[in-house]
Amino acid sequence: MAKEAFGGIETSKYDIAIDKDKLIWRKVGGKAKIKITEIELKPVSFLDAQNELFGQLIESNTELKTKNKDFKRRQDNLVRDLKKSKNMLVEMEKEKSGIEDKLYERFLPILNAKKEKIRELEKNGVMRASVHALSDEEDDYGSATDEDPDESTISKESLDE
């Protein structure tokens, strides 16, 4: 709205007038005029106005420089923390790999010993005999259920094979 009114473009939407040391800004809409604001004017020397304007610009510039330094410091802290976190991640990955290797070193001999024992038992026929003994026995748990007679014979036949 201000850009439209003060932008130097001729428009009939806004009316700006000076009346009794006041700047009056109005919006014109058809026959009605709405007062947007009224600004009191007072005479000021050009040098005072220029000094005040430059003082405000310098103060604003100083504040922006301070904020910029603060943001730069925060960014540096974040970059440093990111590097630190990446280094920690690399260290933790190395430690995890070391722990996994130690676990495998302890677990593999046990696993291999169990496999060897199973092979030995299979060679001696102990495993085959125990499987046949289990399949030949009647299971009391399954006999008291409402089971299809065809299904029970099929499952026993598949066990014997």
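Keep in mind it's a predicted model, so treat the numbers as computed, not measured.

Reading the values: the criteria
In every chain, residue numbers begin from 1 and rise along the written sequence. Residue-level local features of this predicted model are given only where pLDDT is at least 70; pairs of side-chain atoms are given and counted only at 80 or more, and the full residue set underlies all totals for whole chains, interfaces and linings. Heavy atoms from the whole structure form the basis of all side-chain values; hydrogens and water molecules are not counted. Only DSSP runs of H or I reaching four residues or more are called helices, and only runs of E reaching two or more are called strands; each is numbered from the N terminus. Exposure classes here rest on a 1.4 Å probe applied to the protein chains alone. A residue is buried below 20% of its type maximum, exposed above 50%, and partly exposed in between. Residue contacts are counted whenever heavy atoms from the two residues lie within 4.5 Å of one another. The rule for pairing is simple: two strands pair if DSSP sees at least two bridges between them. For patch detection, residues must exceed 30% relative accessible area and be free of salt bridges, and they are connected within 9 Å for like charges or within 5 Å for nonpolar side chains (Val, Leu, Ile, Met, Phe, Trp, Tyr). Throughout, the Shrake-Rupley method with a 1.4 Å probe supplies accessible areas, and for residues the shown protein chains are the sole cover considered. For salt bridges, the criterion is a side-chain nitrogen of Lys or Arg within 4 Å of an Asp or Glu carboxyl oxygen. The convention used is that axes are lines fitted to C-alpha atoms, helices contributing only their stretch in contact, and that angles between N-to-C directions extend from 0 to 180 degrees. Aromatic rings from Phe, Tyr and Trp, taking only the six-membered ring of Trp, are treated as a pair when their centres fall within 6.5 Å; an angle between ring planes under 30 degrees marks them as stacked, one over 60 as edge-to-face, and anything in between as tilted.

S.K.: Please set out the overall build of the protein residue by residue, giving values where relevant.
M.R.: From N to C terminus, the protein includes five helices and three strands. For the protein, the sequential pattern of α-helices and β-strands runs α-β-β-β-α-α-α-α. A burial count over the protein gives 4% of its 161 residues as buried. In the protein, the proportion of contacts linking residues at least 24 apart, taken out of those at least 6 apart, comes to 8%.

S.K.: Describe unusual backbone geometry, naming the residues involved and giving the relevant values.
M.R.: The phi torsion at K20 lies on the positive side, around 55°, for a residue other than glycine. Note on placement: K20 falls in the loop between β1 (14-18) and β2 (22-29). With phi around 60°, D21 is a residue other than glycine that occupies positive phi space. Using a relative accessible area of 56% as the deciding quantity, one classes D21 as exposed.

S.K.: Explain the pairing of β2 to me, and be specific about the residues and the numbers.
M.R.: Looking along a regular strand, one sees side chains alternate from face to face of the sheet. Judged from the five bridges that link them, β1 and β2 form a sheet pairing that is antiparallel. Following the sheet pairing, D15 is matched in β2 by R26. The antiparallel hairpin formed by β1 and β2 contains three residues in its connecting segment, where K20 sits at a positive phi of about 55°. Here eight bridges tie β2 to strand β3 (residues 32-40), and the two strands are oriented antiparallel to one another. Note that in β3 the partner of W25 across the bridge is T37. Hairpin connection from β2 to β3: two residues lie between these consecutive antiparallel strands, with G30 at a positive phi of about 70°.

S.K.: Describe a nonpolar patch on the surface, naming the residues involved and giving the relevant values.
M.R.: A cluster of nonpolar side chains, namely L53, F54, L57 and I58, defines an oily patch on the protein surface of about 410 Å² accessible area. Of note, F54 is situated in helix α2 (residues 46-124).

S.K.: Now, about the sheet that holds β2: what can you tell me, with residues and values included?
M.R.: The strand order β1-β2-β3 describes an open sheet built from three strands, whose pairing is antiparallel. Both outer strands of the open sheet, β1 and β3, are each paired with one neighbouring strand and no more. Adjacent strand axes in the sheet meet at a mean angle of 20° when their direction is disregarded.

S.K.: Explain the packing of aromatic side chains to me, using residue names and the numbers behind them.
M.R.: The tally for this structure, following the rule as stated, stands at one aromatic pair. When the centroid spacing of 6.2 Å and the interplanar angle of 50° are considered together, the rings of Y14 and W25 count as tilted. With Y14 in strand β1 and W25 in strand β2, this residue pair connects regions lying 11 residues apart in the sequence. By the burial criterion, Y14 is buried, and W25 matches it.

S.K.: Pulling in residues and values, what's your account of the pattern of salt bridges?
M.R.: In this structure the tally under the stated criterion is eight salt bridges. The salt bridge involving D76 is made with K72; its shortest N-O contact spans 3.7 Å. Taken together, the positions of D76 and K72, both in helix α2 and four residues apart, correspond to about one turn of that helix. Take D76: its relative accessible area is 39%, and that puts it in the partly exposed class.

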